[in-house]
Every structure is written in structure tokens, then in C-alpha cells.
Amino acid sequence: MNEQTLSMRLERVAAHMPAGARLADIGSDHAYLPVALLRRGVITAAVAGEVALTPFRAAERTVGESDLERQISVRLANGLAAIEPEDGITAISLCGMGGETIRDILDSGKARLNGQERLILQPNGGEQPLRQWLMDNDYRILCEEVLRENRFYYEIIVAERAGPVTYTAEQLYFGPLQMQARTPTFLAKWQRLLHQKQKTLTSFAKARQAVPEEKLQDVARQVRWITELLA
């Protein structure tokens, strides 16, 4: 992967980018996404935010070698602290980290959000708490997809603030739009997870030490939901 050929995951993230957006790519790593989008003429400007020095330097290098320093500002900052009001950001991407991490970044940086941005999120697991945060903060999920890359399943969640929205517990777990679309990849992901959850329940039954009842009930509920979904 480089600034010319993105991974399948980042290509799908790129597909949800509004034309002419001013992007904040938080946790930008090598800044491949903003550089590719600028070269393609999809976005007009970007901030590439990184909290760690090594990826920050890598992002600086990619931007410098692409001669895009005027359009892409690479910043060493924690989460949304990379964004300034004068950036006029209209889209924020957070990719390749756990859903809880993405949720915490959005929550701790709430003051930096103006409510007009499109959020394009690619969590590595932990989608449920992330969707919960979106609902609690009046973000409607506009688009969701699940894809498989290198044996792993990844989800992309696109949301915009649109006033109060309510999702059921199952919709927060599976994704409201995923449940409707029921794509083959989505069903395959949950088929695999069903096997894992069933194995967990079996191991609980064999465990020498008692498993907390709450944990047991939680996994049993997930197995029931997945079984009903796949029925």
C-alpha cells in the first residue's frame, strides 16, 4: 500500500468522501489516504493528525515527497486536537483502530466538532459502543458496509449529525443498515462469530471457576441474536 494504491479498506473509506471535502484524517499513519484523495481531486485540503512521533514523521515524509505541503498540514496532536476552527473541516476519517478508541477520541474531542462534518469511521472491532456513541450524540448512520481483507472482516460506518435518532440494542450490535442489506460478506462475518461465541459458551460450561452470571447471559444473548439474524 502507498499513496497511489490504497488498501481495499482505505479505498472503501475513500468512496464515502464527499467531493470537495476538507478532510481531517486522524491517526493518519503514512498520510496515504489524504495524499491519494488530493491527487485524485476528491478533496481540496487535509489535516493529517498523528499522536505518535514515528508515524507523524512518516506522514510528513509522504506529504513532502508528494509536494503537497501547502494542501496537507501534518500535525502531531492527540486525536481531534489536531483540528483548528480555521481548518474549516467538513469530513473526519478515523481508520484502523478499535471502536472504543474511536469513540473515546470523538468524545474527548467533542468541542472540536461543529456538527457539520461527515464522520467516516473504520473500526477494527468494537462497533457496538461506537454506534452507541453516535446515537447518544445525535449522529444518524447514513451508510455501513462490511468487507473482508486478508482473512479479517472490517466495517465502515458513515454518519452525520441529524438530530435525535434511536436504534434498538440489536441495531447497535449488528448495524441498522447492515441488518437490512444482509450482504453475503455481512452474513459470513456473523456466521464466523456465531461459531466463536458458541465455543466461548462451551468453554464457560467446562470452566473450573464459575463465570460471572452477567458475562454468561451476555454471551448467551449474543448467540441468540446471531442465530435469529442468520435464520
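Residues numbered from 1 in each chain as written. Predicted model: local features only at pLDDT ≥ 70, side-chain atom pairs only at ≥ 80, totals over all residues. Heavy atoms only, no water.

- The chain is annotated in an unreviewed UniProt entry as tRNA (Adenine-N(1))-methyltransferase of Pseudomonas bijieensis.

### Remarks on the sheet that holds strand β4 (residues 91-97)
Right, so step 1: Read from one edge of the open sheet, seven strands run β3-β2-β1-β4-β5-β7-β6, paired in mixed fashion. The strands lining the two open edges of the sheet, one partner per strand, are β3 (72-76) and β6 (139-149). On average, each strand axis in the sheet is inclined to that of its neighbour by 15°, with strand direction left out of account.
Right, so step 2: Note that β6 and strand β7 (residues 152-161) share ten bridges and pair antiparallel. Across the sheet, Arg140 pairs through a bridge with Glu160, a residue of β7.
Right, so step 3: The strands that helix α1 (residues 8-15) touches are β4, β5 (118-123), β6 and β7; relative to β6, the one it contacts most, it runs at about 155°.
Right, so step 4: Against the sheet, helix α2 (residues 32-39) makes contact with β1 (21-26), β2 (43-50), β3 and β4, and its axis sits at roughly 170° relative to β2, the strand it touches most. (Pairing = 2+ DSSP bridges. Helix = DSSP H or I, 4+ residues; strand = E, 2+ residues; numbered from the N terminus. Axes fitted to C-alpha atoms, helices over the stretch in contact; angles between N-to-C directions. Contact = heavy atoms within 4.5 Å.)

### Some words on the packing of aromatic side chains
Right, so step 1: Applying the stated criterion to the full structure yields six aromatic pairs.
Right, so step 2: Considering the side-chain rings of Trp133 and Tyr139, the 5.7 Å spacing of their centres and the 25° angle between planes classify their relative orientation as stacked.
Right, so step 3: Its relative accessible area of 6% is what places Trp133 among the buried residues.
Right, so step 4: On the numbers, 4.8 Å between centres and 80° between planes, the contact of Tyr173 with Phe174 is edge-to-face. Taken as a pair, Tyr173 and Phe174 share a single burial class, namely buried.
Right, so step 5: Through a chain of ring-to-ring contacts, three or more aromatic side chains come together here, namely Tyr173, Phe174, Trp190 and Trp225.
Right, so step 6: The ring of Tyr154 is capped by Arg9, whose NZ or CZ atom sits 4.3 Å from the centre of that ring. (Phe/Tyr/Trp six-rings, centres within 6.5 Å; stacked < 30°, edge-to-face > 60°. Buried < 20%, exposed > 50% of the residue type's maximum accessible area, 1.4 Å probe, protein only. Lys NZ or Arg CZ within 6 Å of the ring centre and 35° of its normal.)

### Re unusual backbone geometry
Right, so step 1: Of note in the backbone geometry, Asp29 takes a positive phi value of approximately 60° without being a glycine.
Right, so step 2: The exposure class assigned to Asp29 is partly exposed, which follows from its relative accessible area of 38%.
Right, so step 3: Of note, the phi angle at Asp138 is positive, near 65°, even though the residue is not glycine.
Right, so step 4: Within the secondary structure, Asp138 sits in the loop between α5 (127-136) and β6.

### Side note on α1
Right, so step 1: Residues of α1 that are buried include every one of Arg9, Leu10, Val13 and Ala14, and no others. Angularly, the buried residues of α1 cover 140° about the axis, an arc narrow enough to put them on a single face. (Arc of directions from axis to C-beta.)

### Looking at the pattern of salt bridges
Right, so step 1: One pass over the full model with this rule turns up 14 salt bridges.
Right, so step 2: For Asp87, the salt bridge is made with Arg75, and the minimal N-O distance between the two is 2.7 Å. Linking Asp87 in the loop between β3 and β4 with Arg75 in strand β3, this pair joins segments that are twelve residues apart in sequence.
Right, so step 3: A salt bridge links Glu144 to Arg131; the shortest N-O distance between them is 2.8 Å. With Glu144 in strand β6 and Arg131 in helix α5, the pair connects residues that are 13 residues apart, well separated along the chain. For the residue pair Glu144 and Arg131, the accessibility class agrees, reading buried in each case. (Salt bridge = Lys/Arg side-chain N within 4 Å of Asp/Glu carboxyl O.)

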